Amino acid sequence: SRMQTFLGSAGGEMKLMARGELPAVLKEVFSKIYADGSDFLHLSSSSGMSMDISKWCKSFVHGGYIRTIKLVTTHPKLGKLQTLDTQRMVWGKDKKTLVVENRTMTPDFPNGLQWRVERRCVYTQVSPGVVLLTITAGVFVIHPFHKAGQLQKAVERTLPEDARSHFQAIYNTILLDKIVM
């Protein structure tokens with residue numbers, strides 16, 4: 001029973017989007033950003049967005065732990081949009097790394113069930129109080145469709161900005177607690 005890979009993209013197809021250091025230890029990153037009951041997703045989402053987050057559960061198919069995040073947002077032109085995010089988390093050896101992978105689908109988009117955005121966040125404890133975060137991302141076409149290439153390029157152009165703001169939100173969350181304490 002070999003583990004299935006969670007992301008469709010091979011490592012080489014995902015591009016580096018953001019990288020930087022966080023003043024933290026991995027346990028802090030986990031508890032503040034990913035732990036069940038953490039406020040991070042709610043705090044970093046825009047207002048007028050409803051969110052439903054499942055608890056982490058062990059994945060026997062992919063290894064590690066998996067949860068789902070359902071988002072409903074209102075788009076100025078497209079109206080209500082539902083986004084389904086499946087997140088996988090796995091700890092590395094000796095708990096020196098934490099890898100969090102995301103598959104994001106928006107079924108309401110054109111051909112929305114035939115492609116998804118994939119993102120990988122790799123957290124590495126590089127020194128006692130410093131974690132290096134590397135974010136890679138890409139667009140994975142599940143089933144080819146008319147003009148898939150154009151859509152892929154258009155969506156890819158939005159990924160660096162998304163990754164930078166994701167990094168910033170994580171950074172701010174970790175830093176804020178340090179300042180408040």
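Anything mentioned here points back to the structure above.
The rules behind each value
Residues numbered from 1 in each chain as written. Predicted model: local features only at pLDDT ≥ 70, side-chain atom pairs only at ≥ 80, totals over all residues. Heavy atoms only, no water. Helix = DSSP H or I, 4+ residues; strand = E, 2+ residues; numbered from the N terminus. Rg over C-alpha atoms; globule rule 2.2 N^0.38 Å. Pairing = 2+ DSSP bridges. Salt bridge = Lys/Arg side-chain N within 4 Å of Asp/Glu carboxyl O. Buried < 20%, exposed > 50% of the residue type's maximum accessible area, 1.4 Å probe, protein only. Core = buried A, V, L, I, M, F, W, Y, C linked by side-chain atoms within 4.5 Å. Contact = heavy atoms within 4.5 Å. Phe/Tyr/Trp six-rings, centres within 6.5 Å; stacked < 30°, edge-to-face > 60°. Lys NZ or Arg CZ within 6 Å of the ring centre and 35° of its normal. Arc of directions from axis to C-beta.

1. Digging into the overall build of the chain
Of regular secondary structure, the chain possesses four helices and eight strands. Along the chain direction, N to C, the helices and strands of the chain fall in the order β-α-α-β-β-β-β-β-β-β-α-α. For the chain, whose C-alpha radius of gyration is 17 Å, the value lies close to the compact-globule estimate of 16 Å for 181 residues. For the chain, the spread of C-alpha atoms along the three principal axes comes to 50 × 40 × 30 Å.

2. Let's talk about the pairing of strand β7 (residues 115-127)
Pairing of strand β6 (residues 97-105) with β7 involves eight bridges; the strand directions are antiparallel. By the bridge assignment for β7, E101 is matched with R120. As judged from the 12 bridges shared by β7 and strand β8 (residues 130-141), these two strands associate in the antiparallel manner. Counted as the bridge partner of R120 is T136 from β8. Between β7 and β8, which follow one another and run antiparallel, lie two residues.

3. Overview of the pattern of salt bridges
Pairing is possible between side chains of opposite charge, provided their charged atoms come close. A full pass over the atoms with the stated rule returns five salt bridges. Taking the shortest distance from any N to any O, the salt bridge between E28 and K32 comes out at 3.1 Å. Highlighted residues: E28 and K32, both in helix α1 (residues 26-34), separated by four residues, approximately one helical turn. The exposure class of E28 is buried, given its relative accessible area of 18%. K32 sits in the buried class, given a relative accessible area of 16%.

4. Looking at the environment of S165
Topologically, S165 is positioned in helix α4 (residues 159-180). When its relative accessible area of 42% is taken as the criterion, S165 is described as partly exposed. Counting along the chain gives 126 residues from S165 to D39, while the straight-line C-alpha distance between them is 17 Å.

5. Description of the nonpolar core
L22, V29, Y34, Y123, L133 and I170 are the most contacted members of the largest nonpolar core, which has 35 residues in total. Broken down by element, the residue count for this core peaks at six residues, all from α4. Those residues in contact with V29 that sit more than four places away from it in its chain are L22, A24, Y34, Y123, V131 and I174.

6. Description of the packing of aromatic side chains
On inspection of all chains with the given rule, the structure shows four aromatic pairs. With centroids separated by 5.9 Å and ring planes inclined at 80°, the aromatic side chains of Y34 and Y123 adopt a geometry described as edge-to-face. Of this pair, Y34 sits in helix α1 while Y123 sits in strand β7, and the two are 89 residues apart along the sequence. On the basis of relative accessible area, Y123 is assigned to the buried category, the value being 0%. In this structure, R103 is placed above the aromatic ring of F6, and the distance from its NZ or CZ to the ring centre is 4.2 Å.

7. Some words on α1
Residues that lie three or four places apart on an α-helix share one face, since the helix turns once every 3.6 residues. Taken together, the buried positions of α1 are L26, E28, V29, K32, I33 and Y34. Around the axis of α1, the buried residues are gathered within 165° of arc, so they sit on the same side.

8. Some details on unusual backbone geometry
Residue K95 is not a glycine yet carries a positive backbone phi of 50°. Position of K95 among the secondary structure elements: in the loop between β5 (79-91) and β6. Judged by its relative accessible area of 54%, K95 falls in the exposed class. The backbone of N111 shows a phi angle near 50°, a positive value even though the residue is not glycine. For N111, a relative accessible area of 36% puts it in the partly exposed group.

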